[in-house]
Amino acid sequence: MGRVRHEVWGPRLIDVDIIAYERIEMQTGRLTLPHPHAHARDFVLVPLREISPETAEWIAARV
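Notes on the structure in this doc start here.

So, how was this worked out
- Going along each chain's sequence as written, the residues are numbered from 1 onward.
- Reporting in this predicted model follows two pLDDT cut-offs: at least 70 for local features of residues, and 80 or more for side-chain atom pairs to be given and counted; totals over whole chains, interfaces and linings ignore these cut-offs and use all residues.
- Hydrogens and water molecules were not included; the side-chain quantities draw on all heavy atoms of the structure.
- The secondary structure listing takes helices from DSSP runs of H or I that are at least 4 residues long and strands from runs of E that are at least 2 residues long, numbered from the N terminus.
- Burial classes: relative accessible area under 20% of the type maximum marks a residue as buried, over 50% as exposed, and values in between as partly exposed (1.4 Å probe, protein chains only).
- Nine residue types can take part in a nonpolar core, namely buried Ala, Val, Leu, Ile, Met, Phe, Trp, Tyr and Cys, and a core is a set of them joined through side-chain atoms within 4.5 Å.
- Here a residue-residue contact requires only that any non-hydrogen atoms of the pair lie within 4.5 Å.
- In what follows, salt bridge is the name for a side-chain nitrogen of Lys or Arg lying within 4 Å of a carboxyl oxygen of Asp or Glu.

A separate point is the environment of Val-46. Mapped onto the elements, Val-46 comes out in helix α1 (residues 42-51). Its relative accessible area of 43% is what places Val-46 among the partly exposed residues.

Bringing unusual backbone geometry into the picture now. The omega torsion across Leu-33 and Pro-34 is -10°, close enough to zero to call that bond cis. Mapped onto the fold, Pro-34 is located in the loop between β2 (32-33) and α1. In the Ramachandran plot, Glu-22 falls in the positive-phi region, its phi being about 50° despite a non-glycine side chain. Tracing the sequence through the fold places Glu-22 in the segment before β1 (26-27).

Let's shift gears to the nonpolar core. Counting residues in hydrophobic clusters, the biggest one holds 7 residues: Ala-38, Val-44, Leu-45, Leu-48, Ala-56, Trp-58 and Ile-59. Of all the secondary-structure elements, those providing two or more residues to this core are α1 and α2 (53-60). With near-sequence residues (within four places) excluded, Leu-45 lies in contact with Ala-38, His-39, Ala-56 and Ile-59.

Examined against the element boundaries, Ala-60 turns out to sit in helix α2. Residue classification places Ala-60 among the partly exposed residues on the basis of a relative accessible area of 25%. Residues Ala-60 and His-39, spaced 21 residues apart in sequence, show a C-alpha to C-alpha distance of 4.7 Å. If we skip the residues at most four places from it in the chain, Ala-60 touches His-39 and Arg-49.

Under the criterion given, the structure shown has 2 salt bridges. The partner of Glu-25 in a salt bridge is Arg-62, and the shortest N-O contact between them spans 2.8 Å. Taken as a pair, Glu-25 in the segment before β1 and Arg-62 in the segment after α2 lie far apart in primary sequence, 37 residues in all. Residues Arg-49 and Glu-57 are paired through a salt bridge, measuring 3.2 Å at the closest nitrogen-oxygen approach. When its relative accessible area of 44% is taken as the criterion, Glu-57 is described as partly exposed.

Written out as structure tokens, the structure is:
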């Protein structure tokens, strides 16, 4: 979408974070799975526990 970041942690036109995909662990220049900070974010883990408790526990255990 041609996003140009003007300030760190500022407003964004669009932001899509891939939290996890199956149980793939990978790190490239463009993608890290699972999301490197997901385990520390309740706004990620709380709803994830509702829809996929196994995935939430796997992410939380990766600390």
